[in-house]
Amino acid sequence: MNVSEAVATRRSVRQFKPDAVPLEMIRDILIKAQRSPSGGNTQPWNAIVLTGEPLADLTAKIKAKAATAPMGEGMEYDIYPKGLEGRYETQRRAVGEAMFGALGIGREDGAGRVKQMMANWDSFGAPVQIFTYCRTYMGPPQWSDMGMWLQTVMLLLREAGLDSCPQEIWAMYGSYMRELLGISDEYIFFTGMAVGYRDPDAPINNFAVPRVSIDDALQFRGF
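Residues numbered from 1 in each chain as written. Predicted model: local features only at pLDDT ≥ 70, side-chain atom pairs only at ≥ 80, totals over all residues. Heavy atoms only, no water.

**Here we look at the overall build of the chain**
Point 1. For the chain, the helix and strand inventory stands at 8 helices and 4 strands.
Point 2. Its helices and strands taken in sequence order, the chain reads α-α-β-α-α-α-β-α-β-α-β-α from the N to the C terminus.
Point 3. Here the C-alpha atoms of the chain give a radius of gyration of 18 Å, agreeing with the 17 Å that 2.2 N^0.38 yields for 223 residues.
Point 4. Considering the chain as a whole, with its 223 residues, one finds that 39% of them fall into the buried category.
Point 5. For the chain, restricting intrachain contacts to residue pairs at least 6 apart in sequence, the fraction spanning at least 24 positions comes to 84%.
Point 6. As presented, the chain carries roughly 12500 Å² of accessible surface, and 55% of it is formed by carbon and sulfur atoms. (Helix = DSSP H or I, 4+ residues; strand = E, 2+ residues; numbered from the N terminus. Rg over C-alpha atoms; globule rule 2.2 N^0.38 Å. Buried < 20%, exposed > 50% of the residue type's maximum accessible area, 1.4 Å probe, protein only. Contact = heavy atoms within 4.5 Å. Areas by Shrake-Rupley, 256 points an atom, 1.4 Å probe, with all protein chains shown as cover.)

This is how it looks when you write it as structure tokens:
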């Protein structure tokens with residue numbers, strides 16, 4: 001698979017097969033991803049990779065927390081900016097509607113929507129989670145570096161026949177996630193990312209996810 005194919009076929013997968021992912025495969029991908037760029041070569045990303053019993057234990061604890069504080073608790077950053085508007089908010093809402101539509105969950109089906117959101121805590125059935133964090137004093141440039149690292153990981157996963165779903169929803173319980181993972185308060189929790197093999201027949205993995213035209217987002221000058 002070349003880079004263009006990896007980019008074209010990568011998507012946020014929300015239903016995985018239970019098949020285990022070997023440690024050797026994950027390590028090889030993450031070793032390669034260390035070549036990701038970062039400003040001044042700071043390499044600000046840190047991660048903890050869980051599978052098996054450790055992931056099951058964390059999953060049970062975060063589901064119990066979500067049951068008592070469904071709107072989040074201990075968030076350390078805003079997942080979406082306050083005042084999100086225009087095409088950005090339109091795009092966010094549209095992909096949510098497309099996802100629920102693929103599942104046959106209507107706008108009025110509040111219980112169905114909550115059930116689907118709760119599937120996040122089970123990593124959508126993925127056998128591996130990558131939890132990412134960085135030092136608290138890191139700023140927007142270093143957070144951008146973490147994003148480049150995550151994208152590199154996601155494309156390498158596709159090359160290896162794997163899939164992923166970045167899940168910032170875990171940050172709804174940021175300070176508790178640090179507690180569960182044994183991360184000190186010198187760090188801020190960023191995101192989770194489910195990793196495994198996609199279920200190719202699941203409707204939620206097959207709805208169209210449109211992108212805006214480059215003419216709506218980019219300008220070309222001097223050509």
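**Let's talk about helix α7 (residues 174-181)**
Point 1. For α7, the set of buried residues is Gly-174, Tyr-176, Met-177, Arg-178 and Leu-181.
Point 2. Where α7 ends, the next residue or the one after it, Gly-182, has phi of about 70°, a positive value.

**Observations regarding the layout of surface pockets**
Point 1. A volume near 2200 Å³ is recorded for the largest pocket.
Point 2. The wall of the largest pocket is formed by 44 residues, among which Arg-14, Tyr-80, Arg-92, Val-95 and Gly-96 lie closest to the centre.
Point 3. Top contributing element to the lining of the largest pocket by residue count: helix α4 (residues 86-102), with 11 residues.
Point 4. The class makeup of the residues in the lining of the largest pocket is 26 nonpolar, 8 polar and 10 charged. (1 Å grid on protein atoms, 1.4 Å probe; cavity = no way out; pocket = protein on both sides within 12 Å on 5 of 7 lines; lining within 4 Å. Points joined across faces, edges and corners; volume = space filled by probe spheres on them. Nonpolar A, V, L, I, M, F, W, Y, C, P; charged D, E, K, R; others polar.)

**Notes on the sheet that holds strand β2 (residues 128-135)**
Point 1. Pairing in this open sheet of 4 strands is antiparallel, and the strands run β1-β2-β4-β3 from one edge to the other. Each edge of the open sheet carries a strand with a single partner, namely β1 (46-51) and β3 (163-167). Adjacent strand axes in the sheet meet at a mean angle of 25° when their direction is disregarded.
Point 2. The sheet contact formed by β3 and strand β4 (residues 187-196) spans 5 bridges and is antiparallel. By the bridge assignment, Ser-164 is partnered in β4 with Val-195.
Point 3. Relative to the sheet, helix α3 (residues 52-68) contacts β1 and β2, its axis offset from that of β1 by approximately 100°.
Point 4. Contacts between helix α6 (residues 140-159) and the sheet are confined to β1, β2, β3 and β4, with β4 contributing the most and set at about 10° to the helix. (Pairing = 2+ DSSP bridges. Axes fitted to C-alpha atoms, helices over the stretch in contact; angles between N-to-C directions.)

**Notes on the pattern of salt bridges**
Point 1. Counted according to the given criterion, the structure contains 12 salt bridges.
Point 2. Notably, a salt bridge pairs Glu-89 with Arg-93, separated by 2.8 Å at the nearest N-O pair. One end of the pair is Glu-89 and the other is Arg-93, both in helix α4 and 4 residues apart, which spans about a single turn.
Point 3. Its salt-bridge partner being Arg-198, residue Asp-163 comes within 2.6 Å of it at the nearest N-O pair. (Salt bridge = Lys/Arg side-chain N within 4 Å of Asp/Glu carboxyl O.)

**Looking at the nonpolar core**
Note on soluble globular proteins: their nonpolar side chains tend to be buried together.
Point 1. Formed by 42 residues in total, the largest nonpolar core has its most connected members in Val-153 and Trp-170.
Point 2. Only α2 (23-33), α3, β2, α6, α7 and β4 provide two or more residues apiece to this core.
Point 3. Looking at this core, the element that brings in the most residues is α6, giving 7 residues. (Core = buried A, V, L, I, M, F, W, Y, C linked by side-chain atoms within 4.5 Å.)

**Points about the environment of Ile-62**
Point 1. With respect to the element layout, Ile-62 can be found in helix α3.
Point 2. A sequence separation of 111 residues divides Ile-62 from Tyr-173, and the C-alpha atoms of the two residues are 8.2 Å apart.
Point 3. Among residues more than four places away in sequence, those in contact with Ile-62 are Trp-121, Trp-170, Tyr-173, Tyr-176, Met-177 and Leu-180.

**Points about the side chain of Arg-10**
Point 1. Secondary-structure assignment places Arg-10 in the loop between α1 (3-9) and α2.
Point 2. Put simply, Arg-10 is tucked away with no salt bridge, and the nearest opposite charge, on Asp-163, sits 7.6 Å away.
Point 3. Among residues more than four places away in sequence, those in contact with Arg-10 are Gln-151, Met-154, Arg-158 and Arg-211. (Lys, Arg positive; Asp, Glu negative; His and termini not counted.)

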